[in-house]
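# Chain and residue survey
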Amino acid sequence: MQSEDTDEHCPEDLSADEPAPGEQPPEEPVLFYNETVIDHFTSPRNVGEIDNPDGFALVGDPACGDQMKLWIRVEGGYILDIKFKSFGCPGAIATSSMATMLAMGMHIDDARLLTDDDVVRALGGIPANKEHCSLMGVGALHAAIRDYEQRSSKKL
Amino acid sequence: MSRQTIYFDHNATTALCPEARQAMLPFFEGEFGNPSSYHHLGRKARASLQASRYGLADIFNCGPGEVVFTSGGTEANNMALRGAAAALRRRGRHIIVSAIEHHSVLKTAEALAASGYDVTFAPVDDQGVVDPQRVAAATRPDTILISVMSANNETGALQPVHELGKLSRRQGIVFHTDAVQAFGKIDLGTVFEWADLVTLASHKIYGPAGAGALLVRNGTPLASVITGGHHERGLRGGTENIAAIAGFAAASLQAVAGLDEKAARIGSLRDRFEARLLEDISGICINSRDARRVHNTSNICFEGVESESVLLHLDLLGICASAGSACTTGEPGPSHVLRAMGLSNMQAQGALRFSLGRSTTAEEVDTVAAALAGIVEKLRSLSSL
Ligand code: FES
């Protein structure tokens, strides 16, 4: 019988990050996050709660345990107010803040189309290992819109 | 705004002390010899290496031949586990390590488990301390190696290594201790009375990174892990990092000089820090508070806030601390040490480690405590919990 010792350790593809010939090494920012992200982290927009909201969502990221709550007030299909609270990392707080900023005043049909990429782009990028954090804000927004629709269909 | 750095992350690394720097300078300025060379430059390097080795031996009351220089703690831990496991594989395949070891021990133990060894991970109590009884109960006739750290890097909790070492010796089991976080904080002058293999790292004791040692008690079975030369008694091939080793030796001398006074001074600052926090911030919990701890470490859970957010706020104020351990940064998920102590994911996620050092002042302690109070209040006001 052949040896079963086949569990040799193979490191991940080391060529993935290889620069093109002549490419300069990227400039490492002194801070991990860019200034816009830091700004939204230190002064998050639309923090708080809405009494008697038209839509509400509680979402969590099971991988890291972070979570957030999001409230919306809708009138004539437009998001007239939006508020959030977050127990999360800087990436989660900044992306949630930006997501609420983008969604504020939008028609729900447009807000539904907002993606995490839109949020990250609006922030001017976020470190790769933090990209998953941006899913929470838009996830909560979409869930709150669904909640709003459920509530209004019940009222009918 | 003028901003000064406040460094509360001494368990991650330390600033080079002037003595270490001084000891290293000649090797950057012409004394570049290879200690294996015949000629006078080689002899000079050889003499320096020898002096470093004798210096370490003096501190640990061991023979110079029992000091094996490595590139640092991770290599020494690898050398200890892999080397002892290989040397003793005919005698047995069972290894015991604690659940709160540094990853350089844990991952190495996991690798050994994947290659045919049987590994038991010894649990800790809610104070983060290994129970010697549980370890004793886990030993078997084929147990060849027990590895338990002297002090935990995240909580600072001291482990019952004397007891475990003596228990191991009675049963003919090799005992390894990762003393990286204990060196310079507690007296290790008689370490060979209970341990066979001891890991040390230079950059945790104000020496340069890139040097460390495995102390190998005479007669301890150990196979070479890095083959390729006669260096370090054939245990570790490779041209010695003379400059870093000289810095390490000089830093080691400083680490044990006046240890008690230094420990008392830094310990009282740590106590002041914790007292301030308890006074000013509600909903906090000091991990391993009831355990014997090294004097400089404070690991604290802040309820309802996420640790990276606290860390970034601190960083923006020029304050360096860490969440869990620095090695876990970039790896999502809560600390394995705090989880092993029975903390929930949520609690472990709000944990921060502050590790004080020689440069710490009472003023710094008060500044950091006040900053934390403000940050935690701010984050709690936007917390969804
Ligand atoms: S790490 Fe969990 S949301 Fe950022």
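Residues numbered from 1 in each chain as written. Chains lettered and ligands numbered in written order. Predicted model: local features only at pLDDT ≥ 70, side-chain atom pairs only at ≥ 80, totals over all residues. Heavy atoms only, no water.

## Overview of the overall build of chain A
- When helices and strands are counted, chain A shows 5 helices and 3 strands.
- Tracing chain A from N to C terminus, the helices and strands come up as α-β-β-β-α-α-α-α.
- A burial count over chain A gives 42% of its 156 residues as buried.
- Sequence separation of 24 or more characterises 62% of the internal contacts of chain A that already satisfy a separation of 6 or more.
- Accessible surface computed for chain A: about 9,200 Å², of which carbon and sulfur atoms make up 52%. (Helix = DSSP H or I, 4+ residues; strand = E, 2+ residues; numbered from the N terminus. Buried < 20%, exposed > 50% of the residue type's maximum accessible area, 1.4 Å probe, protein only. Contact = heavy atoms within 4.5 Å. Areas by Shrake-Rupley, 256 points an atom, 1.4 Å probe, with all protein chains shown as cover.)

## With respect to the sheet that holds strand β9 (residues 284-286) of chain B
Residues and elements named next belong to chain B.
- Pairing is antiparallel across the open sheet formed by 3 strands, whose spatial order is β9-β10-β12. Bordering the open sheet on either side are β9 and β12 (351-355), each of which pairs with just one other strand. Each strand axis lies, on average, 25° off the axis of its neighbour in the sheet, ignoring direction.
- Two elements, strand β10 (residues 297-302) and β12, share 5 bridges in a ladder whose sense is antiparallel. Considered in β12, the bridge of serine 298 is made with phenylalanine 354.
- Packing against the sheet, helix α8 (residues 259-280) makes contact with β9, β10 and β12, and its axis sits at approximately 15° to β10.
- With respect to the sheet, helix α12 (residues 362-381) is in contact with β9, β10 and β12, its orientation differing from that of β10 by roughly 20°. (Pairing = 2+ DSSP bridges. Axes fitted to C-alpha atoms, helices over the stretch in contact; angles between N-to-C directions.)

## Some remarks on the packing of aromatic side chains
All names here are of chain B.
- In this structure the tally under the stated criterion is 7 aromatic pairs over all chains.
- Ring centres of phenylalanine 8 and phenylalanine 273 lie 5.7 Å apart, and the angle between their planes is 85°; this geometry places the pair in the edge-to-face category. Of this pair, phenylalanine 8 sits in the loop between β1 (6-7) and α1 (18-24) while phenylalanine 273 sits in helix α8; the two residues are 265 residues apart in sequence, bridging distant segments of the chain.
- The buried category is assigned to phenylalanine 273, whose relative accessible area is 0%.
- Relative to tryptophan 194, the ring of phenylalanine 175 lies with its centre 6.4 Å away and its plane at 55°, an arrangement referred to as tilted. Of the two residues, phenylalanine 175 is situated in strand β6 (residues 174-178) and tryptophan 194 in the loop between β6 and β7 (197-201); the sequence distance between them amounts to 19 residues.
- What makes phenylalanine 175 buried here is its relative accessible area of 0%.
- Among the aromatic residues, those joined into a cluster by ring pairs are Phe8, Phe273 and Phe354.
- The ring of tyrosine 117 carries the charged tip of arginine 93 above its face, separated from the ring centre by 5.3 Å.
- Note that arginine 358 overlies the ring of tyrosine 206, its terminal NZ or CZ placed 3.8 Å from the centroid. (Phe/Tyr/Trp six-rings, centres within 6.5 Å; stacked < 30°, edge-to-face > 60°. Lys NZ or Arg CZ within 6 Å of the ring centre and 35° of its normal.)

## Describing the domain arrangement of chain B
Residues and elements named next belong to chain B.
- When cut into domains, chain B gives domain 1 (6-14 + 258-383) and domain 2 (18-256).
- Listed per partner, the contact involves 33 residues of domain 1 and 33 residues of domain 2.
- Across the domain 1 to domain 2 interface the summed buried area is about 2,800 Å²; carbon plus sulfur atoms make up 51%.
- Its largest share of buried area at the contact with domain 2, domain 1 owes to Leu259, His336 and Arg358, together 21% of the area lost on that side.
- If you look at where domain 1 meets domain 2, you find 0 salt bridges.
- For the pair domain 1 and domain 2, the number of links is 22 residue pairs in polar contact (both at pLDDT 80 or more).
- Elements that contribute at least two residues to the side of domain 1 that touches domain 2 include exactly α8, β10 and α10 (336-340).
- Looking at the side of domain 1 that touches domain 2, the element that brings in the most residues is α10, giving 4 residues. (Domains from an automatic or database assignment. Buried area = accessible area lost by both parts, 1.4 Å probe. Salt bridge = Lys/Arg side-chain N within 4 Å of Asp/Glu carboxyl O. Polar contact = N/O pair within 3.5 Å; in protein donor to acceptor, adjacent residues only side chain to side chain.)

## What to know about the pairing of strand β1 (residues 55-60) of chain A
All names here are of chain A.
- Where burial is concerned, the two faces of β1 differ: the one with Gly55, Ala57 and Val59 is buried and the one with Phe56, Leu58 and Gly60 is not.
- Direction of pairing for β1 relative to strand β2 (residues 67-75): antiparallel, over a ladder of 6 bridges. Along β2, the bridge assignment pairs valine 59 with methionine 68.
- If you look at the hairpin formed by β1 and β2, you'll find 6 residues sitting between the two strands, and glycine 65 has a positive phi there, around 85°.

## Structural notes on the interface of chain A and chain B
- Of the residues lining the interface, 24 residues belong to chain A; the matching set on chain B comes to 20 residues.
- Taken together, the two surfaces of chain A and chain B that pack against each other cover about 1,800 Å², and 61% of this comes from carbon and sulfur.
- The interface formed by chain A and chain B holds 1 salt bridge in total.
- Across the salt bridge formed by lysine 130 of chain A and glutamate 308 of chain B, the nearest N and O atoms sit 2.5 Å from each other.
- Those elements giving two or more residues to the side of chain A that touches chain B turn out to be α1 (35-42), β2, β3 (78-87) and α2 (90-103) of chain A.
- Of the residues contributing to the side of chain A that touches chain B, the split by class is 13 nonpolar, 6 polar and 5 charged. (Nonpolar A, V, L, I, M, F, W, Y, C, P; charged D, E, K, R; others polar.)

## A short note on the confidence of the model for chain B
- With 97% of its residues at a pLDDT of 70 or more, chain B has an overall mean of 95.
- Across the whole predicted complex the pTM is 0.91, and at the interface the ipTM reaches 0.84. (pLDDT = per-residue confidence, 0-100.)

## Some remarks on the nonpolar core
- The biggest cluster of nonpolar side chains holds 60 residues, and the ones touching the most others in it are Phe60, Val191, Leu200 and Phe248 of chain B.
- At 9 residues, helix α7 (residues 242-256) of chain B tops the list of elements feeding residues into this core.
- Leave out the neighbours within four places in its chain, and leucine 200 of chain B touches Leu56, Phe60, Gly72, Gly73, Ala179, Val180, Phe183, Gly212, Ala213, Leu215 and Phe248 of chain B.
- Counting 43 residues, the second-largest nonpolar core is a separate cluster that includes Val119 and Val138 of chain A together with Ile284 and Val368 of chain B. (Core = buried A, V, L, I, M, F, W, Y, C linked by side-chain atoms within 4.5 Å.)

## Points about the environment of alanine 370 of chain B
- Looking at where alanine 370 of chain B falls in the secondary structure, it is placed in helix α12.
- For the pair formed by alanine 370 of chain B and glycine 247 of chain B, sequence separation is 123 residues and the distance between their alpha carbons is 36 Å.

## Side note on the packing of helix α3 (residues 73-87) of chain B against helix α4 (residues 103-114) of chain B
Residue and element names in this part refer to chain B.
- α4 packs onto α3 with a crossing angle of 30° between their chain directions and a minimal axis gap of 9 Å. By the angle between their directions, the pair α3 and α4 is classed as roughly parallel. Crossing geometry of α3 relative to α4 is assigned as right-handed. On α4, the residues that touch Thr74, Asn77, Asn78, Leu81, Arg82 and Ala85 of α3 are Ser104, Val105, Thr108, Ala109, Ala111 and Leu112.
- Taken together, the residues that form the contact of α3 with α4 break down as 6 nonpolar, 5 polar and 1 charged. (Parallel < 35°, antiparallel > 145°, perpendicular 65-115°, else oblique. Left-handed = near helix turned anticlockwise from the far one by under 90°.)

## Digging into the sheet that holds β1 of chain A
Residues and elements named next belong to chain A.
- On the basis of which strands lie adjacent, the open sheet formed by 3 strands has the order β1-β2-β3 and antiparallel pairing. Two strands bound the open sheet, and with one partner strand each, they are β1 and β3. The mean angle between the axes of side-by-side strands here comes to 15°, regardless of whether they run parallel or antiparallel.
- Contacts from helix α5 (residues 134-155) reach β1, β2 and β3 within the one sheet, and its direction differs from that of β1 by about 140°.

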